[in-house]
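# Structure assessment
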Amino acid sequence: MAHHLRTSRVIKLLILCLLATVVVVIVLAIQPVIQETSCQCTTNRNIHTGKGHQLAIIVPFRDRFEQLQEFVPHIHQFLNAQKIRHVIYVINQVDKYRFNRGSLINIGFLQSREESDYIAMHDVDLLPMNPDLSYSFPRNGPFHVAAPNLHPKYHYDDFVGGILLVANDHFQMLNGMSNKFWGWGREDDEFYRRIIDAKLTVTRPTGITTGENGTFKHVHDEKIISRDMIQTVEQKKNAKRDRKTGLDTMNYTVVSKNNLHIEGAECIVVNVRLHCDTKSTPWCELPYSVKQLIKLHKLQPEEQKTWLQQRLNNVERVIMARRAADEKPSATQRSDR
């Protein structure tokens, strides 16, 4: 009996030793795989660990394909020369509403924030020409590349349009840009007020000697592409600091997302459909009469004359019809006779 107990204990001890050996072998086998996986993740996500930065160029866009063909390869080469890691997002508005630059930039930020840690709010018609213009990470606050003393057209002190670099954390803190500005202009001025309210400081390039005529190439021809400068009465009343809309009130649909290559340079085109709350911003759509005037403005002089004559003829026909109706005796008048 005692011999049987000793044999049983030996067998149990051998089994325990065998299990322990198997566990050690499994741990040693798994450990290198775990370490290797961790290294790969760190390398792929190093823009979030302080080991590097990646810039997202955000281009709010509609109907400017000739300018885009020049912009994408130019900015790609310009940033490569500065060794700036970057990706180019073209946010293309495909709905029926008026152009909304602020909303498109907000969408660009939301689309790019997982892979980049700062953005450049970049007009498609403004090309940097001076290689000393820096697109580096704006660590100390928004950096206005297209400064008033360098921009070919806009020179007022509060101007922050054209090209503005903003760290993701700062853009998120500001709740992005206002969504209330439909049509051209003023969304940048409102964004400047957000920056000031948040006590951030806008910095600008120094030591650039090429001035307003040699620092940028402004690729814009009003005769070819006119801007929507219409300001309705309600729109003018609401052109002030917007504390209600921004990143957290975005309402849009991504229709499609495609990679586009232009002369070897890649960009991501995101086709989006904005949604407008016509109760809060009825100026997202222009009245029919205003649309007709804009159409008239785009016509050649002879076409304008024809267009106006057609409408005068229509008005004349309406007047004559009303006169005929007024002169025709009514049923009461005929019975009196």
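Note that residues are indexed from 1 along each chain, following the sequence as it is written. The predicted origin of the model limits local features to residues at a pLDDT of at least 70 and limits the giving and counting of side-chain atom pairs to 80 or more, whereas totals for whole chains, interfaces and linings rest on all residues. Based on all heavy atoms of the structure, the side-chain values leave hydrogens and waters out of the count.

## Considering the overall build of the protein chain
This is how it is decided: Helix and strand definitions here come from DSSP, where helices need a minimum of 4 consecutive H or I residues and strands a minimum of 2 consecutive E residues; each element is numbered from the N-terminal end. Here the term buried applies to any residue with accessible area under 20% of the maximum for its type, exposed to any over 50%, and partly exposed to those in between, with areas from a 1.4 Å probe on protein chains only. By definition in these notes, contact holds between two residues if any of their heavy atoms fall within 4.5 Å. Note on areas: these come from Shrake-Rupley sampling with a 1.4 Å probe, and a residue is covered only by the protein chains present in the view.
Helix and strand content of the protein chain: 10 helices and 9 strands. Here the protein chain, with 337 residues, has 40% of them falling under the buried criterion. A fraction of 76% describes how many contacts in the protein chain between residues 6 or more apart in sequence connect residues 24 or more apart. For the protein chain, the exposed area adds up to about 20,300 Å²; of that, 55% sits on carbon and sulfur atoms.

## Section: the environment of valine 202
Relative to the helices and strands, valine 202 is located in the loop between α5 (187-197) and α6 (211-214). Between the C-alpha atom of valine 202 and that of valine 160, which follows or precedes it by 42 residues, the distance is 8.5 Å. What valine 202 contacts, discounting residues up to four positions off in sequence, is Pro142, His144, Val160, Tyr192 and Ile195.

## Regarding the sheet that holds strand β9 (residues 265-274)
As a reminder, the rule being used: Two strands pair if DSSP finds at least two bridges between them. Note on definitions: angles span 0 to 180 degrees between N-to-C directions of axes, and those axes are lines fitted to C-alpha atoms, for helices only across the stretch in contact.
Pairing in this open sheet of 7 strands is mixed, and the strands run β5-β6-β3-β1-β2-β9-β8 from one edge to the other. Looking at the sheet topology across the chains shown, the edges are occupied by β5 (143-144) and β8 (252-262). Looking at chain direction, strand β2 (residues 86-93) and β9 are connected through 5 bridges and run parallel. Bridged to valine 90 within β9 is valine 269. Strands in contact with helix α2 (residues 65-81) are β1 (55-61), β2, β3 (118-122), β8 and β9; relative to β1, the strand with the most contacts, it is inclined by about 170°. Sheet strands in contact with helix α3 (residues 101-112) are β1, β2, β3, β8 and β9, and its direction is about 145° off that of β1.

## A closer look at unusual backbone geometry
Phi is positive for lysine 83, which is not a glycine, with a value near 60°. Locating lysine 83 in the fold gives a position in the loop between α2 and β2.

## Re the side chain of histidine 122
Applicable threshold: Under this definition, polar contacts are N or O atom pairs within 3.5 Å; protein pairs additionally need one hydrogen-donor-capable and one acceptor-capable atom, and for neighbouring residues in sequence, both atoms have to be side-chain atoms.
Relative to the helices and strands, histidine 122 is located in strand β3. At 2.9 Å, the side chain of histidine 122 and the side chain of tyrosine 135 are in polar contact. When sequence neighbours within four positions are dropped, the list of residues in contact with histidine 122 reads Ile57, Ile58, Val59, Pro60, Phe71, Ile75, Pro128, Tyr135, Gly162 and Ile163.

## Things to note about the nonpolar core
Note the threshold: Here, nonpolar core refers to any group of buried Ala, Val, Leu, Ile, Met, Phe, Trp, Tyr and Cys residues whose side-chain atoms link them within 4.5 Å.
Counting residues in each nonpolar core, the largest one holds 34 residues, and the members touching the most others are Leu55, Ile57 and Tyr135. Every element with two or more residues in this core is listed here: β1, α2, β2, β3, β4 (126-128), β6 (163-167) and β9. In terms of residue count, the dominant contributor to this core is α2 (6 residues). Val160, Phe191, Val272 and Cys284 belong to the second largest nonpolar core, which has 33 residues in total.

## What to know about the pairing of β2
Within β2, 8 of the 8 residues are buried, which leaves it mostly tucked inside the rest of the structure. Along β2, one buried face is formed by His86, Ile88, Val90 and Asn92 and the opposite face, lined by Val87, Tyr89, Ile91 and Gln93, is buried too. As paired strands, β1 and β2 are joined by 7 bridges and run parallel to one another. Along β2, the bridge assignment pairs alanine 56 with valine 87.

## Things to note about the layout of surface pockets
Note the following rule: Grid spacing is 1 Å over the protein atoms alone, the probe is 1.4 Å, and a cavity is where that probe fits but cannot get out, while a pocket is an open set with protein on both sides within 12 Å along at least five of seven lines and lining residues have an atom within 4 Å of a point. Grid points are joined across faces, edges and corners, and a volume is the space filled by probe spheres set on the points. Gly is placed with the polar residues, together with every amino acid not listed as nonpolar (Ala, Val, Leu, Ile, Met, Phe, Trp, Tyr, Cys and Pro) or charged (Asp, Glu, Lys and Arg).
Its volume calculated, the second largest pocket comes out at about 300 Å³. If you trace the second largest pocket, you find 16 residues lining it, with Asn179, Thr245, Thr249, His275 and Asp277 closest to the centre. Grouping the amino acids of the lining of the second largest pocket by side-chain chemistry returns 4 nonpolar, 9 polar and 3 charged.

## Brief notes about the state of the cysteines
Note the cut-off: Disulfides are defined in this document as cysteine sulfur pairs within 2.5 Å.
Under the criterion given, the structure shown has 1 disulfide. What pairs with cysteine 276 in a disulfide is cysteine 284, and their sulfur atoms sit 2.0 Å apart. As the torsion about the S-S bond is roughly -90°, the cysteine 276-cysteine 284 disulfide counts as left-handed. Pair check on accessibility: cysteine 276 and cysteine 284 agree, each one buried.

## A word on α5
Those residues of α5 not exposed but buried are Glu187, Asp188, Glu190, Phe191, Tyr192, Arg194 and Ile195. Contacts made by the buried residues of α5 are with α3, β3, β6 and α4 (168-173). Positive backbone phi, at 60°, marks lysine 199, one or two positions downstream of α5.

## Some details on the pairing of β8
Sheet topology places β8 next to β9; 10 bridges connect them, and they run antiparallel. The residue of β9 that forms the bridge with tyrosine 252 is leucine 274. Where β8 folds back onto β9 in an antiparallel hairpin, the turn is made up of 2 residues, including glutamate 263, whose phi is positive at roughly 50°.

## With respect to the packing of aromatic side chains
As a reminder, the rule being used: Pairing of aromatic side chains requires ring centres within 6.5 Å, counting the rings of Phe and Tyr and the six-membered ring of Trp. Pairs whose planes differ by under 30 degrees are stacked, by over 60 edge-to-face, and all others tilted.
Per the counting criterion, the structure on display carries 8 aromatic pairs. Ring geometry for phenylalanine 78 versus tyrosine 135: centroids 5.6 Å apart, planes at 70°, classification edge-to-face. Note that phenylalanine 78 is positioned in helix α2 and tyrosine 135 in the loop between β4 and β5, a separation of 57 residues in sequence. Like phenylalanine 78, the residue tyrosine 135 is buried in the burial classification. Ring geometry for tyrosine 118 against phenylalanine 137: centres 5.3 Å apart, planes inclined by 90°, an arrangement best described as edge-to-face. Taken as a pair, tyrosine 118 in strand β3 and phenylalanine 137 in the loop between β4 and β5 lie far apart in primary sequence, 19 residues in all. Overall, the relative accessible area of 21% leaves phenylalanine 137 in the partly exposed class. Through successive ring pairs, a cluster of aromatic residues spans Phe109, Phe171 and Phe191.

In short, shape yes, function no, at least from these values alone.
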